[in-house]
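Residue strings, one per chain:
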Amino acid sequence: MTVLIVEDDTIILEGLKISLEQEGYEVVSASTMKDAFEIVATKNDINICLLDVMLPDGDGYQICKKVREKSQIPILFLTACDDEVHTVLALEQGADDYISKPFRIRELIARMKAILRRSGQSNTDERQEQSVIMVGDNQVNIQSAKVFRDGEEIVLTAMEYRLLLIFIQNRGQVLTRQQILNNIWDSAGDFVNDNTLTVYIKRLRSKLGDLEDCKLIATVRGLGYRMD
């Protein structure tokens, strides 16, 4: 599933790219209307467009019009302009939806999926998104219970995989060590205590390529761990 993002604010653009790639989307981006026109003209596998209104050399409405000349792929506007005039203008140009900044990434993704469902594109892709989850550069295939990075399988023990699933299921939340232990005991009868949990987390971090900076599984001092 490929997303075209047209946004001239580099901070917003990079944040969107990271968040959407973590959700399994392929992202192509542009920060000007000229670059967006080139992408629209040459790339034929875009599934949805996220367009900013105000750009250095034009606006998102012109890009929307250009997209509509060749396809009916979904278009969602991202803008700081939330008045009725701008909303109506976006919809009249052929947009499918409109979200005002600042917005929550989960709300944006939910709206994207709703638009894709209505356009009939999402059935296969949503099943794939649900079964394959990105954790950094690692692809976690829930159906096969396997983890891959750069096309090579990362072999996890059963306990390491259970621990990974616990973090995925509670993504963004701080988990105390006791909560993690309780979840492991709920899902397996293996003996795991506080000391061995430390070892399992260290091994999991190492296998996920997260040993030095601990960005994937962060230690929250005095509280526990969190996977973002």
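Residues numbered from 1 in each chain as written. Predicted model: local features only at pLDDT ≥ 70, side-chain atom pairs only at ≥ 80, totals over all residues. Heavy atoms only, no water.

J.: Just to check I follow, could you spell out the layout of surface pockets for this structure?
T.: A water-sized probe rolled over the atoms picks out the places where empty space is left. Put simply, the largest pocket is a space of about 300 Å³. Lining the largest pocket we find 15 residues, and of these Ser 19, Gln 22, Glu 23, Arg 106 and Arg 171 sit closest to its centre. If you list the elements that add at least two residues to the lining of the largest pocket, you get α1 (10-22), α5 (105-118) and β8 (132-135). For the lining of the largest pocket, the per-class residue count stands at 6 nonpolar, 4 polar and 5 charged. (1 Å grid on protein atoms, 1.4 Å probe; cavity = no way out; pocket = protein on both sides within 12 Å on 5 of 7 lines; lining within 4 Å. Points joined across faces, edges and corners; volume = space filled by probe spheres on them. Helix = DSSP H or I, 4+ residues; strand = E, 2+ residues; numbered from the N terminus. Nonpolar A, V, L, I, M, F, W, Y, C, P; charged D, E, K, R; others polar.)

J.: I keep staring at the environment of Cys 49 and nothing clicks. Help me out?
T.: In this fold, Cys 49 is placed in strand β3 (residues 48-52). With relative accessibility at 1%, the residue Cys 49 sits in the buried group. Residues Cys 49 and Asp 96 lie 47 residues apart in sequence; the distance between their C-alpha atoms is 9.9 Å. Leaving out residues up to four positions away in the same chain, Cys 49 has contacts with Leu 4, Val 67, Ile 73, Pro 74, Ile 75 and Leu 76. (Buried < 20%, exposed > 50% of the residue type's maximum accessible area, 1.4 Å probe, protein only. Contact = heavy atoms within 4.5 Å.)

J.: Explain the environment of Ile 105 here, please?
T.: Mapped onto the elements, Ile 105 comes out in helix α5. Each C-alpha atom, one on Ile 105 and one on Leu 16, is 7.7 Å from the other, the two residues being 89 residues apart in sequence. Discounting residues that sit within four places of it in the chain, Ile 105 has contacts with Leu 16 and Ser 19.

J.: Please clarify how the sheet that holds strand β12 (residues 174-175) should be interpreted in this entry.
T.: Here we have 3 strands laid out as an open sheet, ordered β12-β14-β13, and antiparallel in their pairing. With partners counted over all chains shown, the strands left at the sheet margins are β12 and β13 (217-220), one partner each. In terms of strand pairing, β13 meets strand β14 (residues 224-227) through 4 bridges, oriented antiparallel. Bridge assignment links Ile 217 to a residue of β14, and that residue is Met 227. Taken strand by strand, helix α7 (residues 158-169) contacts β12, β13 and β14, and its axis lies near 75° from that of β14. Packing against the sheet, helix α9 (residues 194-207) makes contact with β13 and β14, and its axis sits at approximately 140° to β13. (Pairing = 2+ DSSP bridges. Axes fitted to C-alpha atoms, helices over the stretch in contact; angles between N-to-C directions.)

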